[in-house]
Amino acid sequence: MNAKLPNVDAQALFHYVLRLGDLSLILGQRLGEWVGHAPALEEDLGVANIALDLIGQARLLLSYAGEIEGCGRDEDKLAYLREQGGYFNAILAEQPNGDFGQTIVRQVLIDAFQLELYERMTGSLDERLASIAAKSVKEVRYHLRYSSGWLVRLGDGTEESHARVQSALNTLWPYTVELFAEDDLDQLMADSGIAPRLSAVHAAWSARLEGILADSTLLRPADRPHLWHGKRGQHSEHLGYILAEMQYLQRAYPEACW
Amino acid sequence: MLSPQERVSSAWVALARVEDPEIPAINITDLGLIRFVKIKPNGKLEVGLSPTYVGCPATEVILRSVVEALEEAQVGDFEVHTVLSPAWSSDWISAEGRRKLLAYGIVPPERLVSTLRDVLRGDRPAACPRCHSHDTETLSEFGSTPCKALHRCRACLEPFEYFKCI
């Protein structure tokens, strides 16, 4: 399967694929917390379905990462047996669910990011990533349809709902900086034709958000230069709690399967 | 010993008997999940299988059923590959598959999704599968399985499922 692997350092590609996979994995796990608690049965189904799609993407990406690494780690070992510092998701994904409005804001921000990223990644020179992107982008479009539909309803809804999502947006916006902050690894991937330039993804994301926020009657917060380092394994205090719950079973009963 | 053509055609026959575990009314060839069946230069029969949704729990059951069906059909050495690109589309559900879905009470996808842009457009089923009223509403963009959305008929008040256009 790796015959068409691009000519790039395997360790770098492994790390990069984990960035993509961990973003989906951690966001999917977060959304899963809503199951049984969402405001209505339809929303319970909605967030659970999105979580399922995200975990499906994570499985494809982590499996691929494991093959690149070549040390015998499969998707389960990578998902359940890494330490916190070994996760490379941007820390926006691990931010708490808050109320339903805050969950929707986080979802719109990441859905739009994944949409613009995957659309461009369908042309990746890494055929495996190109095909995972081609599959995922369709699902992500549907996710954004759902999340942006809710953001418009809440933002352009009552005074209370508007105030809550505006406040969630103000809280979460600073974390979006990390999604687009291009470091050496992002640059290497773009130079090798494996990933799109994050600056191009950012421009498209920004334009898309502009439209969604206008429809939602929400104000776009100012960009602040603070940089987070989840993509390098330095996380907020929230990730540890997610991992404790997510990894419990494999830690308590190693090799358990069903 | 079957000829290569016979192996391919018995594989298709066997695959047409594999049901979708969550929608038993329809088989996986009707759903458009089988991308190809061919004989490789080394003599192995190769089947290309596309998942509907990457996180769909039915995917693994389908893969196992495909392997079992091919073993039973004795098509000789074979391998099953997951095909992600081009990504599965509801456009690939056959006319026969659409009839079966409707008869089962699931409104088949109404609209062709020829481009990615189309996925972002909201869409509605044409009519209630029970009373055929056009007065329907969306209850949820997501339903009991990843491939379906939930709607309700305002005329007969019954909820019904609609296959997502993706």
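Residues numbered from 1 in each chain as written. Chains lettered and ligands numbered in written order. Predicted model: local features only at pLDDT ≥ 70, side-chain atom pairs only at ≥ 80, totals over all residues.

Trainee: Whenever I open this one, the confidence of the model for chain B confuses me. Can you help?
Mentor: For chain B, per-residue confidence averages 89 on the pLDDT scale, and residues scoring 70 or more make up 94% of the total. Overall fold confidence (pTM) sits at 0.90, and the ipTM for the predicted complex is 0.81. (pLDDT = per-residue confidence, 0-100.)

Trainee: What am I meant to see in unusual backbone geometry here?
Mentor: Working note: non-glycine residues mostly have negative phi, and peptide bonds are mostly trans. Here the residue pair Ser-85 of chain B and Pro-86 of chain B is connected by a cis peptide bond, since its omega of 0° sits within 30 degrees of zero. Assignment of secondary structure puts Pro-86 of chain B in the loop between strand E3 (78-82) and helix H3 (95-104). Even without a glycine there, the phi angle at Glu-255 of chain A is positive, about 70°. You can see Glu-255 of chain A is positioned in the segment after helix H10 (238-252). With phi around 65°, His-132 of chain B is a residue other than glycine that occupies positive phi space. Topologically, His-132 of chain B is positioned in the loop between strand E4 (106-107) and strand E5 (136-140). C-beta crowding within 10 Å serves as the criterion here: with 11 such atoms nearby, His-132 of chain B is assigned to the exposed category. (Helix = DSSP H or I, 4+ residues; strand = E, 2+ residues; numbered from the N terminus. Buried ≥ 20, exposed ≤ 12 C-beta atoms within 10 Å, placed from the backbone.)

Trainee: How do you make sense of the pairing of strand E6 (residues 148-153) of chain B when you look at a structure like this?
Mentor: Two faces, one strand: in a regular strand the side chains alternate between the faces of the sheet. Residues and elements named next belong to chain B. When E5 meets E6, the two strands line up antiparallel, connected through four bridges. Bridge pairing in E6 links Ser-140 to Leu-150. As paired elements, E6 and strand E7 (residues 159-163) share five bridges and run antiparallel to each other. Each residue of the ladder has a partner; that of Lys-148, found in E7, is Phe-163. Here E6 folds back onto E7, and the loop between the two strands holds five residues, one of which, Leu-157, carries a positive phi near 70°. (Pairing = 2+ DSSP bridges.)

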